[in-house]
Amino acid sequence: MESKYQLAVIGGGPAGMAAALKAREKGIEEIIVLERDEYLGGILPQCIHNGFGLEYFNKELTGPEYAERFIGDLKESEIEVQDETMVIEINDKKEITALSKDKGIMKIKAEAVFLAMGCRERTRENIKIPGDRLAGVLTAGTAQRYTNIEGFVPGKEVVILGSGDIGLIMARRMKLEGAEVKAVLELLPYSNGLIRNQVQCLADYDIPLKLNHTITRIEGKDRVERVKVAEVDDNLDPIPETEEWIGCDTVLLSVGLIPENELTKGMGIDLNPVTGGAEVNEMRETKVPGVFAGGNVLHVHDLVDWVTEEAEIAASGIADYLKNERVKKENSLNLKAGDNLNYVLPNKIEYKDHNRNFVKLFMRVKKPMEEVEVHFINKGKTILKYNKDFALPGEMLTLNLPEKIIDENMKNIKISIKKQDKEDLYEK
Amino acid sequence: MKLSKRKADIVVIGGGVIGTAIARELAHFKLDIILLEKEADLACGTSKANSGIIHAGYNASSDTIKGRMNVKANSQFDKICADLNVPFNRIGSVVVGFSENDLKKLKEIKANGEKQKIEGLEILGKNELRQKEENINPEAKYGLFAPTAGIISPYELAIAYGDNAVLNGAEVMLNTKVTDLIVENNSLKAVKTNKGVIETELVINAAGVFADKIAKMGRDEMKIKPRKGEYHLFDKEYGSLVDHVLFPIPTDRSKGILVTPTVHGNLLVGPNSQEIDNKNDLSTTREGMEEIMAGAKKLIPDLPQDGVITSFSGLRAVDESGDFIIGFSDSTEGLIHTAGIQSPGLSSTPAIADKVVELVKEYAKGNKDFELEYKKEFREKNPEYPHYNDYKDKKDKWEYYIKKDNDYAKVICRCETVTKGEIVDAIQRPVPAQTVDAIKRRTRAGSGRCQGGFCGPRVVEILAEELDISALEVTKRGGDSNILAARAKELILEKKAGERDGK
């Protein structure tokens, strides 16, 4: 039998929870949240470190504390939550099939769907590190789950590849557990982690960060015994003369995250090769009307606070969609990434101003740069400019595009990051 | 550890596809059969890392044992796989040619195949080739189509043979390494293992790349050289890039780097061919990875570089004759070798097992004390261990299993949609899964795109629970391959205690 809902939320992590709550606040009654794990919160319950909530709650919280605020509200709201329920399939008619521990095979028909499946970690196999296939090679997130949820330490002598936030956090975590962290290696000339994590997780614990380094081979009999480490050249290729062995029993990988969009693709929604997520309008609606996406399934965030905010933006859009309160613009306005920008989200603005003063843009920088100007360019002219002290790939750039500068006829805005030109003033 | 002393009629050494198939066929008789496997699971050697192809049989000449065995075995797979619940799909193969010279070669291969009565061989022109394979290299001009070639899951075949052997009374001893063969008066008396001595009438050597080591224990000379082949496995997203097994023009040494869909819907490319010395070397190399990618791209140029979800190596067990060795020992009575089983070894499996049964019958004729009598009841079929993936399109039938046990509704591996019920089944099968890799081979949990990142901790938990051991004792594949090192806080407390004592 098929149950009907106004809104089905796929995933009970931070994005899914925030969207469900916001949609309820906006008057949507029939909501169901489908969660594959045994508990809500997504990856937050295993993130026992602090640093969450500074943007959204103006308060520093741990991951579980951040999650708990939403879990509590969700309980109070009496929104239906199905845990241990894995969505297997969604078609473009928004018919959902799921396997549920309590309910067996569930069929759900939803008027709107919010995709919030999060992301997965890239693996050793994805980045093709040659050598023996052994115990002791795992992603940093899996190691985090073992340590913080299951109560086991995965190794005693650790080398970490990748200085993204999870890698940095796990370096400190392993150290606190009494393991020896021999090095954190980073392929690029800079860390992609938040600056505060670089300081608080490595520098404060004397863990060496080796930039421009990678692992070229993993060896051992049953378990990792050593890794071969090399410096890389400008093309990121290992330099053979620099190779050296480091003894260790564990390799943790923090080499990137991939949005989990298998369900999205199943609906015929193409993914953007840069973000790994769907292309969306300002309401985070995909090309299938009524199907929205937000959080790490759309693009990988560094702060959960932005996930929450993005999900709330989507939920407001979902409410407007369900109430049929949207008015389409004559021309949709495309937002494009220009110089030193990997991407900008949303990809386009399709609907008329609806009690909004601005559209918040989420952007990812390509290379680190100091003292920059962010140019919003239309037809070759800068129509808006922000100054920033720095722009880093590891920290999402969020800027507002004020409604008042959007002209009804505008079709494209390109956003470019340039070095502040101090001479500029004098030349003109 | 107290070592036991026990008796058997036949000891099969090696739990690969050959050893398990032999044990299963011998289990038709009223015999005490023990199969010994040094690893923590069946199919840990060559049987787990090969192309998974059932060849049509046109490659090797009918003058060779391997040529005859391949042709004979090919038609047996439909029944065996149906009986044992092993995924097998006769999708056909195409050898791809680029030049007039290649065409000549394809015609030669076709003639060799027809000589052996292989049906349906057909030379394809450019258009026919493109009709069969739309993504093939536009420069490819010719093909040799063989409809009887198929794809199979080789490790699942070995495990299913093992299960069936056990269901029919054989015993499988895992983690049991043969340390010596006891021979008296040129006659085999017993097998020494790390777990004790087994007195036996007959020993079947099916030890793969280590068959020469076993032969030597039985006073025979043999030299098996390992030849390594590396593979890439691609995400299921790319499984439909090809519809048949695609080969390049073969060389004297190998069938070349192939591109094939797998029975589970992935895309597999490889192997290269590399002579090595170390029989335990299953490592992958940067050069090898690049070589197979380049080789595969000659057939399918649009192969996505970042679609690989895992890479692995396997060893071919090559005798210097280049052929299989199947027969009685030259020096020791009661010893039968099945050695040098390189490609098309998997494709020859049932024929090799049948041949060994013949040899055993021959042995019985000459030995009055060794009687062979068929069992009245032999279970041809394995019970079904259901997999959700096989019921994707008939979900109402899956409800039936959920109603029996709602563990079948609890998804543990999200990439491959594997439920807890399937994992518990794997642990309770006749040859039980006791390691994380063994679970993976039986259920596919952890073999998807996240490679066990998400389900790993859950699988460890289920293994610990079902086997009633601590999670600390759970291994990836036996030996010292423990997944976890210590309980949380244990290391730091030890360290602090150490520091205190130091002061």
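**Quick notes on the sheet that holds strand β16 (residues 224-231) of chain A**
Residues and elements named next belong to chain A.
- The three strands are arranged β15-β16-β17 in an open sheet whose pairing can be described as antiparallel. Each of the sheet's edge strands pairs with one partner strand only, and the pair in question is β15 (213-220) and β17 (244-247). Neighbour-to-neighbour, the strand axes of the sheet open up by a mean angle of 30 degrees, direction not taken into account.
- Of the pairings in the sheet, the one linking β15 to β16 comprises seven bridges and is antiparallel in character. The residue of β16 that forms the bridge with isoleucine 215 is valine 229.

**Observations concerning the domain arrangement of chain B**
All names here are of chain B.
- For chain B, the domain assignment lists domain 1 (1-85 + 151-222 + 320-383), domain 2 (86-150 + 225-316) and domain 3 (388-473).
- Of note, the centres of domain 1 and domain 2, computed from C-alpha atoms alone, are 28 Å apart.
- Mapped onto the side of domain 1 that touches domain 2, the elements with two or more residues apiece are β3 (53-54), α2 (65-74), α3 (77-84), β8 (150-152) and α6 (154-167).
- Considered class by class, the residues forming the side of domain 1 that touches domain 2 number 15 nonpolar, 15 polar and one charged.

**So, the domain arrangement of chain A**
All names here are of chain A.
- With domains assigned, chain A is organised as domain 1 (1-121 + 256-326), domain 2 (123-255) and domain 3 (329-428).
- Placing the centre of domain 1 and that of domain 3 at their C-alpha centroids yields a distance of 27 Å.
- Taken together, the contact pairs 17 residues of domain 1 with 16 residues of domain 3.
- Residues that form the side of domain 1 that touches domain 3 fall into these classes: six nonpolar, four polar and seven charged.

**A look at the environment of aspartate 204 of chain A**
- Position of aspartate 204 of chain A relative to the elements: it lies in the loop between α6 (195-202) and β14 (209-211).
- Put simply, aspartate 204 of chain A and arginine 172 of chain A are 32 residues apart on the chain and 9.0 Å apart in space, counted from C-alpha to C-alpha.

**Considering the nonpolar core**
- Counting residues in each nonpolar core, the largest one holds 159 residues, and the members touching the most others are Leu7, Ala8, Val9, Ala19, Phe114, Ile160 and Val251 of chain A.
- Among all residues touching valine 9 of chain A, those that are not within four sequence positions of it are Gly16, Ala19, Ala20, Ile31, Val33, Leu34, Phe114 and Ala116 of chain A.
- Formed by 122 residues, the second largest nonpolar core is a distinct cluster that contains Ile118, Ile204, Ile224 and Tyr231 of chain B.

**Details of helix α1 (residues 14-25) of chain A**
All names here are of chain A.
- The end-to-end C-alpha separation of α1 is 16 Å, in line with the 16 Å expected for 12 residues at 1.5 Å each.
- Those residues of α1 that sit buried are Pro14, Ala15, Gly16, Met17, Ala18, Ala19, Ala20, Leu21, Ala23 and Arg24.
- Buried residues belonging to α1 abut β1 (2-10), β2 (31-34), α2 (63-77), β8 (104-115) and α8 (304-322).
- Following α1 by one or two positions, glycine 27 has its phi on the positive side, about 95 degrees.

**Side note on the interface of chain B and chain A**
- Listed as interface residues are 45 residues of chain B and, on the opposing side, 39 residues of chain A.
- Breaking the side of chain B that touches chain A down by element, the ones donating at least two residues are α8 (286-299), β18 (308-319), α10 (395-404), α13 (456-467), β23 (486-487) and α14 (490-502) of chain B.
- With five residues, the single largest contributor to the side of chain B that touches chain A is β18 of chain B.
- By residue class, the composition of the side of chain B that touches chain A is 21 nonpolar, 14 polar and 10 charged.
- Two strands pair when backbone bridges link them, and strand β11 (residues 152-153) of chain A and β23 of chain B are joined in this way by two bridges, in the antiparallel orientation. Along β23 of chain B, the bridge assignment pairs phenylalanine 152 of chain A with arginine 487 of chain B.

Analysis parameters
Residues numbered from 1 in each chain as written. Chains lettered and ligands numbered in written order. Predicted model: local features only at pLDDT ≥ 70, side-chain atom pairs only at ≥ 80, totals over all residues. Pairing = 2+ DSSP bridges. Helix = DSSP H or I, 4+ residues; strand = E, 2+ residues; numbered from the N terminus. Axes fitted to C-alpha atoms, helices over the stretch in contact; angles between N-to-C directions. Domains from an automatic or database assignment. Nonpolar A, V, L, I, M, F, W, Y, C, P; charged D, E, K, R; others polar. Contact = placed C-beta atoms within 7 Å. Core = buried A, V, L, I, M, F, W, Y, C linked by C-beta atoms within 7 Å. Buried ≥ 20, exposed ≤ 12 C-beta atoms within 10 Å, placed from the backbone. Expected span 1.5 Å × (residues − 1).

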